[in-house]
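# Summary of the model geometry
Here is how the chains run, residue by residue.
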Amino acid sequence: MDWGLKNRISRIIKPHDGKTVMLAIDHGYFLGPTDKLEDPKKTVNKLEKFCDSIMLTRGILRTSMNAKFATPIVLRISGGSSIISNDLSNEKITTSVKEALRLNASAVAMSIFVGAKYEHNSLISLGNVINEAEEFGMPVLAVTAVGKELEKRDARYLSLACRIASEFGSHIVKTYYCDEFEKVINSCPIPIIIAGGPKLDEQKALQLTYDAINAGAAGVDMGRNIWQSEHPIEMIKAVRSIVHGNKNSNEAYTDFKLAIKK
Ligand code: 5RP
């Protein structure tokens, strides 16, 4: 692996344990001003020091993140449909790899829509982005199973989507936790990180995190279950203690409850 590519990946997936806590705040690119992410600057200022990287769009990076912050950036470069459109899978590449380099991103992220109407376009876009990104040693994070595809969230479907992402040459894949998650992990040769999905109570979100890590996930790319919590700092610390600190979900939840009482 080229030095630059290896170095960028190690900014995201920490070499000491091979794990990562990525904070996802890219939701506005199709959801608009999502609840508790209306002012992304506040979210970034509050949470950036507790995550290993932040996943966001170019617009939010420029407007809401201090360029002096050292937190690595994972730049979302796909988009093109909103939550009120007929088909969320109709995405194209909206930001170039060159722009990602200019913004000093440590990786680029884009969605693929396996099984959806625009599956073919999204997969060809993934191939094209990887071809371009390889030239500059830029890692590519493929995001799977967004939108309607969520309805098919089982090990069979997620294994298919993650494996395809890896076959195209993605460096990391983001997906959702499911029953028999080991099957997804064992059939995918690249690191898998999990999204949190819609807000759960904190205990359930910590359980989800633990189950995914226990099954072999390399970490989380979590958004709503952190910044929609009434206690986002305590929540991201609890997630971190599972991902990097070997805590189980009960230990992490106990710490979370103690921390919010203080
Ligand atoms: C949507 C995304 C989000 O970043 C992803 O869903 C993670 O956020 P959450 O934990 O809130 O689900 O890529 O396409």
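Throughout what follows, the structure given in this document is the object of discussion. (Residues numbered from 1 in each chain as written. Predicted model: local features only at pLDDT ≥ 70, side-chain atom pairs only at ≥ 80, totals over all residues. Heavy atoms only, no water.)

Before going further, it helps to spend a moment on the site of the ligand. Every one of the 18 residues lining the ligand counts as a neighbour, but D26, H27, K174, G223 and R224 are closest to it. H27 places a side-chain nitrogen or oxygen 2.7 Å from an oxygen atom of the ligand. Calculation on the ligand without its partners gives an accessible area of 360 Å², and the protein chains cover 99% of this total. Mapped onto the shell around the ligand, the elements with two or more residues apiece are α2 (28–31) and β10 (219–222). Considered class by class, the residues forming the shell around the ligand number nine nonpolar, four polar and five charged. (Near = heavy atom within 4 Å. Polar contact = N/O pair within 3.5 Å; in protein donor to acceptor, adjacent residues only side chain to side chain. Areas by Shrake-Rupley, 256 points an atom, 1.4 Å probe, with all protein chains shown as cover. Helix = DSSP H or I, 4+ residues; strand = E, 2+ residues; numbered from the N terminus. Nonpolar A, V, L, I, M, F, W, Y, C, P; charged D, E, K, R; others polar.)

The next subject is the pairing of strand β2 (residues 53–56). Covered by surrounding structure in β2 are S53 and M55 together with I54 and L56, the residues of both alternating faces. Taken together, the three bridges between strand β1 (residues 20–24) and β2 define a ladder with parallel strand orientation. Residue pairing across strands places M22 opposite S53, the latter belonging to β2. For β2 and strand β3 (residues 73–76), the ladder comprises three bridges, and the chain directions are parallel. Within β3, the residue paired with M55 across the bridge is V74. Chirality of the crossover, the property in question, places the unit of β2, helix α4 (residues 58–64) and β3 among those that are right-handed. (Buried < 20%, exposed > 50% of the residue type's maximum accessible area, 1.4 Å probe, protein only. Pairing = 2+ DSSP bridges. Right-handed = clockwise from strand over helix to strand, strands pointing away.)

To continue, consider the side chain of S81. Structurally, S81 is set in the loop between β4 (78–79) and β5 (92–93). Exposure remark for S81: the relative accessible area of 9% places this residue in the buried category. A distance of 3.2 Å separates a polar side-chain atom of S81 from the backbone oxygen of D87. Among the polar contacts listed, one links the side chain of S81 to the backbone oxygen of N90, at a separation of 2.9 Å.

The strand order β1-β2-β3-β6-β7-β8-β9-β10 describes a closed barrel built from eight strands, whose pairing is parallel. Going across the sheet, the axis of each strand differs from the next one's by a mean of 25 degrees, ignoring polarity. Note: strand β6 (residues 107–111) against strand β7 (residues 140–143), four bridges, orientation parallel. Its bridge partner being in β7, M110 is matched across the sheet by A142. Helix-sheet contacts for helix α6 (residues 119–136) involve β6 and β7, and the interaxial angle to β6 is about 170 degrees. Contacts from helix α9 (residues 202–215) reach β9 (192–194) and β10, with the element oriented near 140 degrees to β10. (Axes fitted to C-alpha atoms, helices over the stretch in contact; angles between N-to-C directions. Contact = heavy atoms within 4.5 Å.)

Close contact between helix α11 (residues 232–243) and helix α12 (residues 249–261) brings their axes to 9 Å; oriented N to C, the two are set at 155 degrees. Compared by their axis directions, α11 and α12 come out roughly antiparallel. Between α11 and α12 the crossing geometry is right-handed. Two secondary-structure elements touch here, α11 through E234, M235, A238, S241 and I242 and α12 through S249, A252, F256, A259 and I260. (Parallel < 35°, antiparallel > 145°, perpendicular 65-115°, else oblique. Left-handed = near helix turned anticlockwise from the far one by under 90°.)

Any two side chains of opposite charge can pair if their charged atoms end up close together. Under the criterion given, the structure shown has twelve salt bridges. Measuring nitrogen to oxygen at the nearest pair gives 2.6 Å for the salt bridge that ties R163 to E167. Highlighted residues: R163 and E167, both in helix α7 (residues 155–167), separated by four residues, approximately one helical turn. Residue R163 is classed as partly exposed on the basis of its relative accessible area, which comes to 38%. For D255, the salt bridge is made with K247, and the minimal N-O distance between the two is 2.7 Å. By relative accessible area, K247 is classed as partly exposed at 29%. Look at the salt bridges and you will find they share partners, linking R58, R62, E99 and R102 into a network. (Salt bridge = Lys/Arg side-chain N within 4 Å of Asp/Glu carboxyl O.)

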